[in-house]
Structure formats: structure tokens, C-alpha cells
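Structural overview for review
Listed below, chain by chain, are the residues.
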Amino acid sequence: MSEEKEGMSEEKHIVNRPWDTCREVPVVHDEQTPWKVIKLLKFVTLCVVTLMVFGLAICSKTSLLLLITLSSNAMHTVPADHKPLTLLCVGCTVVTPSILLLFKSLWKACFKTSKIPARATSVFVLFIDILVALGSAVLLIVVMPSLDIITNVMLLNSIALLSAVFQVAAQCSARERKRFLLPPISAFVLILLGHVLFLLSVRLDEKSGEIVLWSGVAVVATVLVSLNWWENYVSLFSSSRNSIGTSLGILHGFFYRLSEDLKHSQNIQHIMSSLMRIMVTAVVLGAFVPLSGREWTLLATVPVDVKKVLLTLTVVQLVSSALCHWFAVAACKMHAVRRSFLLPMYLASLAVLVLFVSPVMVSFQNHRTDNKLTHNFTFTNYCNDTVRVWNRDLQGGWYQLLVLDTTHTLCGRDLTQVTEMVLLGGSALAWWLGLLLSTIYISSLKLQRIQRTEQLFVRRMYEGAFLEQSMLLNTRFEIKTTGTRKLYNFTESVTVFVCATMWHENFDEMMKIIISLFRLDRYRPKMAPNTSDVSFECHVYFDDAFKDVPGSKGRHVNEYAEDLVEVIKEVYSIFTQVSGRLFTFKPPIPGQRLLRTPYGGRLEVTMPMGNSLVVHFKDKHLVRHKKRWSQVMYMYYHLGWRLTTKYWMSGRNMNELKKQMQKEKQNTYILALDGDTDFQPSAVMVLVDRLRQYPRVGAACGRIHPTGTGPMVWFQKFEYAMGHWLQKTAEHVLGSVLCSPGCFSLYRAAALMDDNVMKTYTSKSTEAIHYIRNDQGEDRWLCLLILRQGWRVEYNSASDAYTNAPEGFKEFYNQRRRWIPSTMANTVELLGSAFLTSTRNPSISRLYIFYQLMTMVTSILGPATMCIMIAVLPAAIYLALCFKLKSDTLITIAAVMSVAYSILMLALPMILIDTMMTEDTILSPSSLFSISLVVICIVTGLMHPQEFHLLGYGVIYLLSAPSAYLLLMIYSMTNMNNISWGTRESMPFSGAERTAPTDWIMQLQTVSEEMSLHEHTLDTEEEEFWKELQKKYLEPLAEDKEKQMKITESLRELRNKVSFLFFFANALWLVAAFILQFINLKIPIPKLNLTIMEHTGDYIHIDPVAFMSLISFALLIAIQFLTMLYHR
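Residues numbered from 1 in each chain as written. Predicted model: local features only at pLDDT ≥ 70, side-chain atom pairs only at ≥ 80, totals over all residues. Heavy atoms only, no water.

Our focus in this paragraph is the overall build of the chain. Within the chain one finds 42 helices and 15 strands. Of all 1128 residues assigned to the chain, the portion counted as buried reaches 53%. For the chain, the accessible surface area stands at approximately 51800 Å², while carbon and sulfur atoms represent 64% of it. (Helix = DSSP H or I, 4+ residues; strand = E, 2+ residues; numbered from the N terminus. Buried < 20%, exposed > 50% of the residue type's maximum accessible area, 1.4 Å probe, protein only. Areas by Shrake-Rupley, 256 points an atom, 1.4 Å probe, with all protein chains shown as cover.)

Structure follows, in C-alpha cells:
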């Protein structure tokens, strides 16, 4: 350290002097939570979501009922010849959710591994789907056009009949027959009562005629539709198959097999179900039109104004249904189930009823007032004398005509008959109360902090024609018990081992990671009763921490290790400071422990809130150094020794131990960190919640933010932003993330301890490719091993972590010299084992492998594409120099060339504008691509509003594109045989000379004056474990010069082979482009007039190779952009 640093350190040792009260402490940036603003935003958001759910539900229901009303033969707003189009629009509202489900299931089946369902499962599910689709189509297309508007509004609430029956059966199978049975039984009775009152009201009407028949069909159809939500209860029946008598054992066994089969074959089954429902609806619609005396050929004769009205109503219904479903799911995930989901859904039917009846009554009263009619002029007189005549004349605007048609539906009822109106109103009220009681269980649902959609709703899609009913009945049902059982058992506590690897971090970088660890301690105190859900234990694995000191009997820790102890002491003081009176003594730091270990030494610190912080000082003479071996060290220590050994020592039943051990492996996580990572506890909790919610997720990573200053950091800020916004989200949505970065990732113990993961990770590098793939890209290789075992790796953008980025050009190039070849090596390994990985991992599909292949090819041909844009000769010269000159010289040349290329790139926008003006259009491929790229970047930034300012660094990124995609690629590929780390290679300042203590124990005790360190002895059994681990996996590799020469030669041969293939592919791409230019082969593209979008007669001629590059890159960007929108 510098003399100034040394003097400042000495001043910090002076404590408790009243004349020396000024302090120098680092700033601890805790999360600033503006609670008042957050509460206000939460209240406003909830109000907006509630209004959107309520308003969109009303729009969906109103537009559907208007379409059904217009399709009636008795209505004259749409003439009889135009009714087929109206019925077709109604059919579209019925099948659209099935079409959406079909596309979604096809997407999942293509990008995920899907199994074919068993024959019995398919037959049973398809039979139910046929009944449901038949009931929906008959009810909406055939029956409801013949009924009045009040009946149509409230009749849809009666589709909860069988759900109430299923709830009673589920509660009885669980032997819960007390108060929990009352709501579903009451719902069943009320819905049946509604049907009886409805049929009686129809029978009392002397003018009913064939309406009696249609009413009976309507009741049957609603019963068929109520089968739709059987999946909500089948798992409950199967789970309780042993709780009742054996007479139903066969049935429960069938339900169990059915439930298990559907879990693994859901995508294929949904594809078949969607197609079946679409076909049944099409058959009913196609048969009903000719049977009702109409012809499909009349579709061509529909006037434009009628088409506009019908299509507008259809679009409103479809869009409002989809948006209402989205906002309803959002309301549930915001834990606003009662206020923003239940209440709007319950009130939607009543609001629609008021919305239809109010204009009718207002029109009736206005007519009676305008014509000075007496109170003896009843609604029946209004229908007979005015409505039918006016409606037949078709006078007035569309709104007035729709009101008249709505009124006309009520004219079939004798509203003067009190008995009939009481029966009709009673049936409507009974249906509504029945729906309410059959879904009242939703109000008591217990939601987790991060709730999965499939845990909230059973079916993937809503039913557009029964929007609010389908959303309510689709909400997952739980069996009510008198105990404290919850819907999902996530109450088990988890253990997180926080493991940071250090090497040559400076004082400030160490301060960041140690402050972050102490934040965790404060966030989850060890002894606090309300924080037992997650427990943390922090470990720092300090690589190459020892050195030899002349004249000393033992080895000493180096200056980096001394700095770390100093940092821990300072941070401990900061987190125990208590503001009070003017003069207060600093509370003394409790004594901590030092231990000698077979791998070097250990410092054990008990943090202020009781959690442990253990620093493992590694001696490279005793154990292998470098990051991968530190990871092997902590994996076997925490997962092998501490987790597994205690079960081996126990003498309990083997099956019980295996089950308990597997459970603990699922609930034990390792948080991998770098020595300069800065994070908040909330970022960790987001990843913890992710792994708790998704049992098959083996690892999860967050959003990494590079920190620092200067142009190189600005370049990386934009690069990291676009990489996470687009590339990471695309991998997350399409398949699985391929790299969970080692600077901030959470791993599940069960995934790490799986076959061919942790054991394979300990393999020594014996071939040249191993040094590049395994040692240079250890985090990507570990994720590849996890993926091969069927686990999923995910990305969570809500988890933010900050790490130092290279600020110098040399450091940046050396870092990427490691990353680029290792990334390609691991990607090639994935592509080479594509069949095995896609077979074992349901998240990895053939299409996802093809997407990765496209990405790989685009990356390989990047230099050639860049050469086509600018110049070939400078790149060729630099390529030749890369095989002759040293790395430092090559980086200096690359820096000079990067500046020249940046100046050249400044002219690119002007060239593009000049091309647009010359071609007199912006509709050329290059112009469209450039404009689209800018729009995509802006929209992507708007979708990440807190990081929108990072788009400003895009200018630096654009100017540096030749350096990043051309020079850096050349440098990385030609120097892949250099397997040195390349960063943090410098040694610290030694500072002032000190008297050498006897060994590292005395050294640290001398350095840490305010924090007393006491030597302790390591447990005998643990010491034996470390010796065995050291001997088996961590024994330092012997220095064999002959072997090192062979490795160096093999790395050089690998470099030559890979570089030849890499640059030969780029050369072929360039030669193809030049040959096509030489023979003047161009692709003619019609030139369009921007104003009228018509062909001007001219053509734009573009190069085929450039066009192919443009199309492939644009396709990748489009895929990533769409997946980003889906992810957000």
C-alpha cells in the first residue's frame, strides 16, 4: 500500500480519544425506500388495475351480447341476409381463446420437451372438450339469440353448477364435511333454483312458444359448459384416493394417473384439445346457418357499414377479453385479489345489466314524456306501438338502433306480469349468488411473494365468451381444513451459503463485497424469530493469500489479505455505530477466531446480528489456486462435508434419511460471488424466491451492472444492458440461460450434487480444449453440466448486482480474450451434444438449439461482415501481425486502429442519409434495418425505464463496433493459446517496512488492533476431511516443465486449427461477396413511394451476401425483441 494509505491506517487505530472525534468512513449505500411515494404509487396502480379489470370485463361482455342480439332473427338492425356474418363473428369470439392456446402450446412444444399423453388420457380429455365445446357453441350461437337480454346477461353465471358439485366432492373426500361444505352446497342449490325459476317464468309467458324449448336447451348447455374446469379438482380427487373407502379406489387411481400424465404432456394435450374445440364450434356454426334458412354465400353481399359495426364489436370483444385477462392476472400477482380481481368480476354482470336496461328505460320514459302519454301506457304498449314499427323502418343512428334491438329482446316478455318478473329476477339473482358462493374460496387464498401463474390458474387460457366466470372458476381451488394447511407449502426454511472468491481485489473492491455481506447479516438476523425462512452463512475464499518472508519461521499472508482484515474491522465498526450523545465511546468489537487449516488458514467472524463470516486463506503450496478450484473447495465443503456427512453418521432408517437428505438438498443454495460484487439483500431474495417457486430450476442469475468510469466502461454499460435486455431474456424465454455468471448467481445444491455435475467439475485439464473451456469459462461450463442433467437455468431482471468493469483498453481486451474463446468452446460443446441435452432437458428443444446455431454462425461471420462494411486490408494486416507480435504490442496497435475506425464510423449516419436521399426512399433494406434497430433500442429502453439512460452510451458502442466485432475477435482467436488470467495481475504496494512476526497468526493479530483475534484449533474430523479433499481433488499440480511445454504446444496447435477454420469461413464469406460484386449480381427490390406506398417502377439493387447478412441479423434481433416483450 502507499505511504498515504499506511498513515491513514495508523490513524484509524487511535480510538476513544475525545480530541480525535473526526472520522473517515466509507459510504454504505443501502436501499433508499421512499415509503410515502411507494404507497401512493401502489394505491394509484391498484386503482388503475381495478378500473381496467372492471371496465374491460364490461366491454367484453357488452360487445359479445350485442353481437348475439344482432344475430337474432327477430332483430332488424342487421337484415336476415346478413345474419351469417353476425354468427361468424360470434363464433370467432368463441374459438379465439382456443386459437391462442393452440399457438401458445405449439410454441412450448417446439421450444420445450413435450411428451405424448397416454391414450386413456387423450380420450377422456377430448371427450370432455367435445362436450364443453358443444355446450358453448349451442348456447352462444343457437340458443342465446332467441332469449331476452336480461336472461342472456345473467344466464352465463349459471355455468358454475358442476364446479360447486366438484368442490363438495373434494371436501368430502378429504373428510371435511362441516362448515367448509356450506358455500358450495349453497351455490349448487341456488343455481338449480335459478334454473327452476327461469323455466317457470318462461312457462308462464303465454307468448313463449318455442322459447320453452330453447330455454331447456340453454339449461343443458350451461351444464355442459360447467365441465370446463374439471382440471381444477382432478388432482384433489387423486391425492385423496386412499382416504375413503376402497369402492372408489379404481376411480381415484384413474384420476391419479390422469393428473400425473397431464403434468408431463400438457402441451400436446392442449394442442389436440384446441383443435377439437375449434372443429366442434365450426361444425355447429356451419350446420346452424343453413338449418336456420340462411346461406353462407350471403357473406359477400354484406354492406360496408354493417361490416364495420360487426367487425368493430368483434375486435372490441377480443381485445378487451385478452387485456382483462392480463390485468386480472396482474392484480392477483400484486396480492390485490379481493379488491382488484374478485370485486370487479362479481360486479361486472350487474354493471352490464344496468348498462343494457338503463338506455331502454330512459328511451321508454322519454317517449312517454314527449308524446304526453299517461301512466297507463305500459312497456308492452311501447313495444307494440312504437319499437317494432321503428325498428322495422331502420331510422336513426347505430346507437339508437342497438338500443331498439335491445328493447326488442325485452318485448317478448310481458313486463306487466308481476309473477313472471319476480321469477325472472329471482333466477338472475340466484345464478349470481351461486357464482359468488362457488368462488368465494378465492378470497382466502394465501399467495407467495412471487406467485406463479400456473399456481393461481389451472387452465392456461380464459374463455372469451364467459370471461369473468372463467377467470373466477379457473382460480385454483384448495381443500379447506380446520388446520393451518396452506395452498402451497413454501414455509420450509432454506439455507444459503454465500461464497465469494477473491484474489487481487483492491481496498475499495473489498469494501463493496464486505459491506454487502454485512447488509445480509442485518437483513436476516440469526436469532430473530420472524426471519427463520432464510438463513445466510457467508464465506470468502481468498486465493493465493500467502507469501514467504525472509527471516520468518512460517509463511505470512500477503498485503491483500491484510487489507481484507482491515476492511472487515472497519465495516464491523460502521455497522455497530450507534448515534447518541456528543461524546460516545465506540463499542468494542468482539474477539474473533483464527484457525490453522490444511489448506492455509481461516478467520471466523461473528457479524453484529449473529451470522457467520468465514475467510478461508488459501496457500497455493497446499491447495490448487484459481477460481474453479476455489469453487470445488466450497462445493465439497458445504455440500459434501456439512450437508451429506451428517446423514451418513446417522443411524436412522435409510429411506427416511434419503428422503430428508433430498429435501435438504432442494432447500440448500449456494450464492456464488466475485470479490468485488456489490448487491442488496433484496436482490438475493428475488433469486431465492425463484428457486423456491420452481423446483426444477438449478441456477438463477440477475442483472449485472458494470461500474467504473471512462469510455471503456461506457461501452460495457450499453453492451451489458443490451445483452441482458435481449440476449439473456431470449435464452430465458426460448429455452434456458446458458451462462449464469459467477459474479452473482444462485445455485441449488440438488443440481450441483447431481450426477456428472460437481464430480465432473473437479476434472483436471488434460487437453488443450479443457484449459479454454473449463478453466477460462468455468461458470459457463458449470451451467452446461447442469443443463445436461435436465435442470433449468433462469434469468431474473429484478435482481441487480454491481461489479467493477475493466477501465483500461488492455485490461478489457485481455478479459475478452478469455471470454470469447471459452464462450465459443462451450457453445460448440452444447451443439455437439444437442441430442443428448434436448432429450434430458425439457427446456432445451431442437428449435432452441437451432437458435443457438444461428447465433454462433452470426458471431463467427461477424469480422467478415464488418470488413464488407468498412475495409479488408487493415484487418488482414492486423491478422498477420497477431501471429508475430506480443500481446501488449498487439493491444497497442488495436487501440490505435480503434480510434481510426471510430472516426470512420462517424461518417456512417451521413452515408446512410445520403443513400436515402439518392435512392429517394427510406424503404430500402439497409434504411429499414437501421431505422428498425433504433426503434427497437428505444422501445427496449422504454420497457426498462430505470435503465433508459443507458441508451446514451449507444453512441460509444456504435463508434467502437469495428474494434469489438473485428479487432477484438481477431485478437481473441489468435491469442486463445494464452491461458493467463490477464486481469488483476499487478502486485500491491508493500508499504513501510515492518518487523516480521513469527507467522501469519501473529501477523494478523498485530494488524487487527481493535478487533482481537484469538487462535483456535480446527475440529479433528473436519481437519481429516480437508486432508482427504486436498489429496483427492485439490493437491497442487506438480511443476513439470516438459509437460508444460507439451501443453503450450498443444494450445498453439489448437489455436492454429481453430483460427484457420474461423478465418477461412470469414474468407469464404468475403470471397463470395467480392465475386458477386465482380459479376455485378444484384437482387432487385421494388422501390416504393413513401407517400402512397405504391411501386414507382424503379428498383433498388443490393448485394446478395450483404442482404443475407442483413436478414439473418435482423431475424435474430426480431426474435430477441419479441422474447423481451414477452418476458417484460
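Bringing the pairing of strand S6 (residues 600–606) into the picture now. Consecutive residues of a regular strand have side chains that alternate between opposite faces of the sheet. Of all seven residues making up S6, six are buried, and the element is well covered by its neighbours. Hairpin remark: strand S5 (residues 589–597) followed by S6, antiparallel, with two residues in the connecting loop. As judged from the seven bridges shared by S6 and strand S7 (residues 612–618), these two strands associate in the antiparallel manner. When the bridges of S7 are listed, Gly600 appears paired with Lys618. (Pairing = 2+ DSSP bridges.)

A few words now on a nonpolar patch on the surface. Taken together, the side chains of Leu40, Phe43, Val44, Val48 and Met52 make up a nonpolar region of the molecular surface, amounting to roughly 450 Å² of accessible area. Locating Phe43 in the fold gives a position in helix H2 (residues 35–70). On the basis of relative accessibility, which here comes to 55%, the residue Phe43 falls in the exposed class. (Patch = residues over 30% accessible without salt bridge, like charges linked within 9 Å, V, L, I, M, F, W, Y side chains within 5 Å. Salt bridge = Lys/Arg side-chain N within 4 Å of Asp/Glu carboxyl O.)

Residues Phe341 and Met471 are the most contacted members of the largest nonpolar core, which totals 101 residues. Contacts of Phe341, omitting those with residues within four sequence positions, involve Ala328, Ala331, Cys332, Ala336, Ile442, Phe457, Met471, Leu472 and Thr475. Among the nonpolar cores identified, the runner-up in size contains 63 residues, and Phe518, Val565, Ile568 and Leu746 belong to it. (Core = buried A, V, L, I, M, F, W, Y, C linked by side-chain atoms within 4.5 Å. Contact = heavy atoms within 4.5 Å.)

Quick look at the pattern of salt bridges now. Enumeration according to the criterion identifies 32 salt bridges in this entry. Two residues, Asp533 and Arg524, come together in a salt bridge whose shortest N-O distance is 3.2 Å. For Arg524, a relative accessible area of 9% gives the class buried. Its salt-bridge partner being Asp775, residue Arg628 comes within 2.8 Å of it at the nearest N-O pair. Separated by 147 residues along the polypeptide, Arg628 in helix H21 (residues 627–649) and Asp775 in helix H27 (residues 768–776) bring together distant segments of the chain. The class for Arg628 is buried, based on a relative accessible area of 3%.

For any two helices packed against each other, the geometry comes down to the angle between their axes and how far apart the axes lie. Relative orientation of the contacting elements helix H19 (residues 507–523) and helix H23 (residues 681–693) amounts to 70°, with a least axis distance of 9 Å. By the angle between their directions, the pair H19 and H23 is classed as roughly perpendicular. Contact with H19, carried on its side by Arg519, Leu520 and Tyr523, involves Pro681, Val684 and Met685 of H23 and no other residues of that element. Residue composition of the contact of H19 with H23, grouped by class: five nonpolar, no polar and one charged. (Axes fitted to C-alpha atoms, helices over the stretch in contact; angles between N-to-C directions. Parallel < 35°, antiparallel > 145°, perpendicular 65-115°, else oblique. Nonpolar A, V, L, I, M, F, W, Y, C, P; charged D, E, K, R; others polar.)

We now examine the packing of aromatic side chains. All chains considered together, the criterion is met by 32 aromatic pairs. Between Phe715 and Phe812, the aromatic rings sit 5.7 Å apart at their centres with planes inclined by 80°, giving edge-to-face as the arrangement. With Phe715 in helix H24 (residues 711–734) and Phe812 in helix H29 (residues 809–832), this residue pair connects regions lying 97 residues apart in the sequence. There is no split in this pair, since Phe715 and Phe812 are both buried. Between Phe715 and Tyr957 the ring centres are 5.0 Å apart and the planes differ by 15°, which places this aromatic pair in the stacked class. Of this pair, Phe715 sits in helix H24 while Tyr957 sits in helix H37 (residues 954–959), and the two are 242 residues apart along the sequence. There is no split in this pair, since Phe715 and Tyr957 are both buried. Among the aromatic side chains, those forming a connected cluster through ring pairs are Phe715, Phe718, Phe809, Phe812, Tyr813, Tyr957, Tyr965 and Tyr971. Between the NZ or CZ atom of Arg628 and the centre of the ring of Trp629, over which it lies, the distance is 4.5 Å. A cation over a ring is seen here: Arg696 above Trp791, with NZ or CZ 4.0 Å from the ring centre. (Phe/Tyr/Trp six-rings, centres within 6.5 Å; stacked < 30°, edge-to-face > 60°. Lys NZ or Arg CZ within 6 Å of the ring centre and 35° of its normal.)

Moving on to the packing of helix H33 (residues 873–882) against helix H34 (residues 887–905). The N-to-C vectors of H33 and H34 enclose an angle of 170°; their axes lie 11 Å apart at closest approach. Considering the angle they form, H33 stands roughly antiparallel to H34. Contacts between H33 and H34 involve Pro874, Ala875, Tyr878, Leu881 and Cys882 on the former and, on the latter, Leu890, Ile893, Ala894, Met897 and Tyr901.

Once that is clear, we can look at the sheet that holds S7. Spatial strand order, S9-S12-S10-S11-S8-S1-S2-S7-S6-S5-S13: eleven strands in an open sheet with mixed pairing. Taken across any chain shown, the strands that pair with only one partner, and hence form the sheet edges, are strand S9 (678–679) and strand S13 (1011–1016). Pairing between strand S10 (residues 697–707) and strand S12 (residues 792–804): nine bridges, direction parallel. Across the sheet, Ala700 pairs through a bridge with Glu794, a residue of S12.

Considering all chains together, one arrives at zero disulfides under this definition. Here Cys59 stays unpaired: no disulfide links it, and the sulfur of Cys324, its closest cysteine neighbor, is 9.3 Å away. With no disulfide partner, Cys701 has as its closest neighbouring cysteine sulfur the one in Cys783, 7.6 Å distant. (Disulfide = S-S within 2.5 Å.)

So, on to the environment of Leu285. Summarising the element assignment, Leu285 is placed in helix H11 (residues 266–291). Here Leu285 falls in the buried class, since its relative accessible area comes to 8%. The spatial distance from the C-alpha of Leu285 to the C-alpha of Ala137 is 7.4 Å, given a sequence separation of 148 residues. The residues contacting Leu285, other than those within four sequence positions of it, are Leu87, Leu88, Gly91, Ile141 and Trp296.

Where burial is concerned, most of strand S1 (residues 494–502) is hidden: eight out of the nine residues are buried. Strand direction decides the pairing type here: S1 and strand S8 (residues 668–674), joined by seven bridges, are parallel. For Phe497, the partnering residue across the bridge sits in S8 and is Ile670.

A word on H19. A rise of 1.5 Å per residue sets the reference length of H19, with its 17 residues, at 24 Å; its end C-alpha atoms lie 24 Å apart and thus fit the reference within 8%. Of all the 17 residues making up H19, 13 are buried; the element is thus mostly covered by neighbouring parts of the structure. Put simply, Asn506 is the residue that caps the front of H19, since its side-chain oxygen is 3.2 Å from the backbone nitrogen of Asp508. (Expected span 1.5 Å × (residues − 1). Polar contact = N/O pair within 3.5 Å; in protein donor to acceptor, adjacent residues only side chain to side chain.)

Looking at the chain, pLDDT values average 83 and 83% of them are 70 or higher. With pLDDT under 50 throughout, residues 483–489 is counted as low confidence; its partners more than four residues away or in other chains account for eleven contacts. Contacts for the low-pLDDT stretch residues 989–993, under 50 throughout, to residues beyond four places or in other chains number six contacts. (pLDDT = per-residue confidence, 0-100.)

Of note in this structure, His335 is not a glycine but carries a positive phi near 60°. On the secondary structure map, His335 appears in the loop between helix H12 (304–333) and helix H13 (337–370). Under the relative-accessibility criterion, His335 is labelled partly exposed at 38%.

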